[in-house]
Amino acid sequence: MSRRFGRTRALHDVSLTCGPGEALALVGPNGAGKSTLLTLLSTLGRPTSGAILFDGRSAAAWGPALRARFGVLGHDVSLYPELSARENLTFFGRLFGAPDLGSRVQHALASAGLEKRADAPVATFSRGMRQRLAIERALLHGPDILLFDEPFTGLDESASESLIARLAGARDAGACILFSSHDFEHAERIATRVARLDAGRLSWLSGSGPLRDRYRQAEHRDSPQL
Amino acid sequence: MKILAAAWLIARKDFTIEARSREIIATAAFFAVACVLVFAFSLVREGRAPEGVAAGVLWIGIAFSGTLSLARLFERERAHDTLRTLLLAPVERPAVYLGKLLAVVMLMAAVGAVLLPFTGFLFDQGVIGAAPGLALVMVLGILGYAAVGTLFAAMLGRSRSRDVLLPVLLYPMTVPVLIAGVRATAALLDAAGPDWATARLWIGVLAAFDAVFVTLALWTFEAVMEE
């Protein structure tokens, strides 16, 4: 698929697949098109040409039901600062049709380490606390397609370890994960494959193995291998 | 989740936030009251205002304070990128539009409920006799104004010039609603008693505009919100 914004080419002939139990790390410099790709995959935009298929069907053919399968974490935390952690989770949980919401919210608060601050406004939280809550918000309804944009932003080492465990657990349970990251140390513990984007083009798509080594090799390669 | 249930959930969330901050209602009401006060000092002489002026002043106050409410309500969603997450909910996307529209209408109606008796008092217009008719005109006028405003405010959420563009786009589009609102209100505030025949005609025009604007907005919302 390709995506243009006026005369700017954000993505050009990008072709990828991601299946159940796979975690695809999107890497590349700023402005390479990683966030645009995740936005299109989340159905918040459409490709200018080409198509995105989910289990062989387009988003239009799926209808709104497809979005219940998505867990999306964007650049911003997407939480209401005036509401408490519990109220944020309850609101988004209801909107996304999460079953057994009370116990899910309690479990999410525990996973985020926010049980003691559950009823405090999110405005009083640190960046890391907000990020942990945002991750739980994205996972609350049990999605099986996870689209995470720089999920390690603002997390300390312990919270990063916790996120790695959560994402690895979701991957092993059959979720399909696409995430962008500049942090190879963390990314390679989750990713089963890595895709590098450069100026909107998919310049490199790996198989398995240590990501950092392969990424560096690819950077020094004259002709990109797809 | 059904579309109306999702819309109510979104609107209720906005009410909860507004009940805590009172930011929009206080700003919009203060602005509207100040606007009416300035017009009253300028137009009312020896306790008498020129005939038909009160209706125009009332709708200027509602329209300008409505723009403030619209801008602030969507700024809250934009500042923390929450509108994207609302659009990702597994419901028909017009539910997001309906939820925001409901919140805007309720906020504008609350301001209107303060503004109507205040304007009546300052311009020496009896509003009690025609209260049900005036309430209907206010609700229909506010709905038409908010229907267009909610669509534009949502659409301009990612634009850097949104604060400038919103009134530039909104006021010309809502001129028919404002004219119908002013004429219906003026007919109901007639010094010789409410002119129900004229009011009914303009109420019908308002209802027709509302139906067209809401239908068009619901139809186009998903397309205009795509990045």
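For the structure itself, look to the data block above.
These figures come from a predicted structure and were not determined experimentally.

Each value, and the rule that gives it
Residues numbered from 1 in each chain as written. Chains lettered and ligands numbered in written order. Predicted model: local features only at pLDDT ≥ 70, side-chain atom pairs only at ≥ 80, totals over all residues. Contact = placed C-beta atoms within 7 Å. Helix = DSSP H or I, 4+ residues; strand = E, 2+ residues; numbered from the N terminus. Nonpolar A, V, L, I, M, F, W, Y, C, P; charged D, E, K, R; others polar. Expected span 1.5 Å × (residues − 1). Pairing = 2+ DSSP bridges. Axes fitted to C-alpha atoms, helices over the stretch in contact; angles between N-to-C directions. Parallel < 35°, antiparallel > 145°, perpendicular 65-115°, else oblique. Left-handed = near helix turned anticlockwise from the far one by under 90°.

What follows covers the interface of chain B and chain A. At the interface, 21 residues of chain B touch 26 residues of chain A. Within the residue set of the side of chain B that touches chain A, elements represented by two or more residues are helix H1 (3–21) and helix H4 (82–87) of chain B. For the side of chain B that touches chain A, the element with the most residues is H1 of chain B, which contributes 7 residues. Class assignment of the residues belonging to the side of chain B that touches chain A gives a composition of 9 nonpolar, 5 polar and 7 charged.

With that out of the way, let us pick up helix H5 (residues 94–122) of chain B. Across its 29 residues, H5 of chain B extends 41 Å between first and last C-alpha, which sits within 8% of the 42 Å expected from 1.5 Å per residue. Directly beyond the C-terminal end of H5 of chain B, a positive phi value near 55° is found at Asp-124 of chain B.

Attention shifts here to the sheet that holds strand E8 (residues 176–180) of chain A. All names here are of chain A. In space, the 6 strands of this open sheet follow the order E6-E7-E8-E3-E9-E10, with mixed pairing throughout. What marks the edges here is a single partner per strand, and that holds for strand E6 (70–73) and strand E10 (201–205). Across the sheet, the axes of successive neighbouring strands diverge by a mean angle of 15°, strand direction being ignored. Together, strand E3 (23–27), strand E7 (145–149), E8 and strand E9 (193–198) form the strand contacts of helix H1 (residues 34–41), whose direction differs from that of E8 by roughly 150°.

Residues and elements named next belong to chain B. Relative to each other, helix H2 (residues 23–43) and H5 sit at 25°, their axes nearing to 10 Å. As judged from the angle between their axes, H2 and H5 are roughly parallel. Along this stretch, H2 crosses H5, giving a crossing that reads as right-handed. Where H2 abuts H5, its residues Ile-24, Ile-25, Ala-28, Ala-29, Ala-32, Val-33, Val-36 and Ala-40 lie against Leu-107, Ala-110, Val-111, Val-114, Leu-115, Phe-118, Thr-119 and Leu-122. Taken together, the residues that form the contact of H2 with H5 break down as 15 nonpolar, 1 polar and no charged.

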